[in-house]
Amino acid sequence: MKLDSDQKRVELHVHLDGAIRHETIYDLMRKNKMKLPGDGSFEALSKALTVTEPKDLANFLKPFGIYIQALKSLEAAERVAYEFCEEMTKNKVAYAEARYSPHNFLPEHQKEVSKLSGLKQVVEAITRGFKRGEEDFGPKVTSILCGFNGDESVDDVLKLAQIFKGEGVVGIDMATKQDLGYNPEEVKLNSQAIRCYEEARKCGIHRTLHAGESGGPEMVQRALQVFHAERIGHGYHTLEDENLFQNCLRDRVHFETCPHSSILTGAVKLDGHKKHPIIRFAENDANFSISSDDPTIIGKWVDSDYQLLEEWGLNAQHFKKANFNAAEASFLPQNEKAELLEVIKKLWT
Ligand SMILES: O=c1[nH]cnc2c1ncn2[C@@H]1O[C@H](CO)[C@@H](O)[C@H]1O
């Protein structure tokens, strides 16, 4: 790894399809002759893409609907992956696991021709972008493939994760479809999704799962016991069940926390009385890491999440611990994880 001396962060929870520069979206939308918001200016687009007021997850995910059509080409897929690496460098990240829905990048015509071969090309294009980005900017980036609970995309991402295991893809996740209008955490137990997670476990494919973000502690319990997730995406509401939280502390369950996102999705309400769950995680030495979730929507990258945590009282020692936690909880093969831990160890001393 060729890294700068301050490039010592590990980011585990960032959606590539939500981590695109506004300038790139503007360019792609214009190339695709898509209708731009407001007066058609870059400023109007940028404003429409950014969520500034906390509400709920559905509201937070709305801006995806503005640009997702512009991503549907292999060129766009490779470009956003490449540019992502440059942003990681700017944000002092040495290693990132970027997650995305390959379906979001699938060219329309591929849906009819051969969906799986189209999706394979998408994953290849993104992996190519990450490789070129690593060569040019330094940080290493691998992929976690997201399916949407309740449709066949979970089957597709399982197949893709099997095909690309050891070749850039390290795990699977389930997220919320931007236009779904419901929260998959709340969906009745979906036997097909459970089967996919079980199959992934058998094949040694790593598994994370969004849980306890807009759903309650029972969703975290379900993610661990039914889906056998190795990491929890967000997990803030774990704290509403003290017993569950204590078990998570005992079992060193890893929480992928995202400070700005936790507020803007309405997952955590800062009412002045309660401590933010991330603060409690830090105080209780829980196993958690720090990520940005969706920089496009938040209008800021992970550096600003560290700044926010600093304002909330976390210090360099907490950040060091969180980054070791992240490296330990990463989905890298053992030898690569050991290499990453060495790098992190050197840079954090
Ligand atoms: O905070 C979140 N919670 C749940 N789903 C999300 C969040 N951010 C983004 N996505 C969803 O994940 C998909 C794949 O990357 C995105 O398309 C978006 O719909």
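Quick notes on the rules
- Residues numbered from 1 in each chain as written.
- Predicted model: local features only at pLDDT ≥ 70, side-chain atom pairs only at ≥ 80, totals over all residues.
- Helix = DSSP H or I, 4+ residues; strand = E, 2+ residues; numbered from the N terminus.
- Rg over C-alpha atoms; globule rule 2.2 N^0.38 Å.
- Contact = placed C-beta atoms within 7 Å.
- Core = buried A, V, L, I, M, F, W, Y, C linked by C-beta atoms within 7 Å.
- Buried ≥ 20, exposed ≤ 12 C-beta atoms within 10 Å, placed from the backbone.
- Near = placed C-beta within 6 Å.
- Nonpolar A, V, L, I, M, F, W, Y, C, P; charged D, E, K, R; others polar.
- Expected span 1.5 Å × (residues − 1).
- Pairing = 2+ DSSP bridges.
- Axes fitted to C-alpha atoms, helices over the stretch in contact; angles between N-to-C directions.
- Parallel < 35°, antiparallel > 145°, perpendicular 65-115°, else oblique.
- Left-handed = near helix turned anticlockwise from the far one by under 90°.
- Arc of directions from axis to C-beta.
- pLDDT = per-residue confidence, 0-100.

## Here we look at the overall build of the chain
Moving on, step 1. The helix and strand tally for the chain stands at 17 helices and 8 strands.
Moving on, step 2. The C-alpha radius of gyration of the chain comes to 19 Å, within 12% of the 20 Å expected for a compact globule of 349 residues.
Moving on, step 3. In terms of overall dimensions, the chain has C-alpha extents of about 50 × 45 × 40 Å along its principal axes.
Moving on, step 4. Taking the intrachain contacts of the chain between residues at least 6 apart in sequence as the baseline, contacts between residues at least 24 apart amount to 74%.

## Examining the nonpolar core
Moving on, step 1. Residues A77, F84, A161 and A223 are the most contacted members of the largest nonpolar core, which totals 100 residues.
Moving on, step 2. Ranked by the residues each element gives to this core, the list is headed by helix α5 (residues 74-90), at 8 residues.
Moving on, step 3. If we skip the residues at most four places from it in the chain, A223 touches L209, A211, A229 and I232.

## Focus on the site of the ligand
Moving on, step 1. Within the structure, the ligand sits among 21 residues, and H15, S101, C146, A175 and T176 are positioned closest to it.
Moving on, step 2. Secondary structure elements with two or more residues in the shell around the ligand: α3 (57-61) and β2 (93-100).
Moving on, step 3. Per-class residue counts for the shell around the ligand are 6 nonpolar, 9 polar and 6 charged.

## Looking at the environment of R9
Moving on, step 1. As for its position among the elements, R9 is in strand β1 (residues 9-15).
Moving on, step 2. A sequence separation of 317 residues divides R9 from A326, and the C-alpha atoms of the two residues are 8.7 Å apart.
Moving on, step 3. With residues near it in sequence (within four places) discarded, R9 still touches N91, K92, V93, A94, V302 and N323.

## A closer look at helix α7 (residues 115-137)
Moving on, step 1. With 23 residues, α7 should reach 33 Å at 1.5 Å per residue; the first-to-last C-alpha distance of 32 Å fits that figure.
Moving on, step 2. Within α7 the residues assigned to the buried category are G118, L119, V122, V123, A125, I126, T127, G129, F130, G133 and F137.
Moving on, step 3. At the exit of α7 stands G138, carrying a positive phi of roughly 110 degrees.

## Structural notes on the sheet that holds strand β7 (residues 254-257)
Moving on, step 1. Read from one edge to the other, the open sheet built from 8 strands follows the order β1-β2-β3-β4-β5-β6-β7-β8, with strand pairing classed as parallel. Each having just a single partner strand, β1 and β8 (287-290) make up the two edges of the open sheet. Ignoring which end each strand starts from, the neighbouring axes of this sheet average 25 degrees apart.
Moving on, step 2. When β1 meets β2, the two strands line up parallel, connected through 5 bridges. By the bridge assignment for β2, R9 is matched with V93.
Moving on, step 3. In the packing of helix α16 (residues 316-329) onto the sheet, contacts are made with β1, β6 (231-234), β7 and β8, and the angle to β8 comes to roughly 100 degrees.

## Focus: the packing of α7 against helix α8 (residues 153-163)
Helices that pack against each other are described as a pair by the angle of their axes relative to one another and the distance between those axes.
Moving on, step 1. The interhelical angle for the contact between α7 and α8, taken along N-to-C directions, is 55 degrees, at an axis separation of 11 Å. With respect to their mutual orientation, α7 and α8 come out oblique. The hand of the α7/α8 crossing is right-handed. From α7, L116, L119, K120 and V123 reach across to α8, where they touch D156, K159, L160 and I163.
Moving on, step 2. The residue makeup of the contact of α7 with α8, split by class, is 5 nonpolar, no polar and 3 charged.

## Comments concerning unusual backbone geometry
Glycine aside, a negative phi is what most residues show, and trans is what most peptide bonds show.
Moving on, step 1. Located in the positive-phi region is H228, a residue other than glycine, with phi close to 50 degrees.
Moving on, step 2. Among the structural elements, H228 can be located in the loop between α10 (217-225) and β6.
Moving on, step 3. Even without glycine at this site, D285 takes up a positive phi of about 50 degrees.
Moving on, step 4. In this structure, D285 sits in the loop between α13 (277-283) and β8.
Moving on, step 5. Since 12 C-beta atoms lie within 10 Å of it, D285 is described here as exposed.

## Points about helix α15 (residues 302-311)
Moving on, step 1. Among the residues of α15, V302, D305 and L309 are the ones counted as buried. Angularly, the buried residues of α15 cover 40 degrees about the axis, an arc narrow enough to put them on a single face.
Moving on, step 2. Where α15 is buried, its residues touch β1, β2, α12 (259-264), α13 and β8.
Moving on, step 3. Where α15 terminates, the next one or two residues include G313, which has phi positive at roughly 110 degrees.

## As for the confidence of the model for the chain
Do not read the predicted coordinates in detail wherever pLDDT is low.
Moving on, step 1. This prediction gives the chain a mean pLDDT of 94; 96% of its residues lie at or above 70.
Moving on, step 2. Reported confidences for the modelled complex are a pTM of 0.97 and an ipTM of 0.99.

## Things to note about the environment of R252
Moving on, step 1. Looking at the secondary structure, you find R252 in the loop between α11 (242-251) and β7.
Moving on, step 2. Taking C-alpha positions, R252 is 33 Å from F137, a pair spaced 115 residues apart along the chain.

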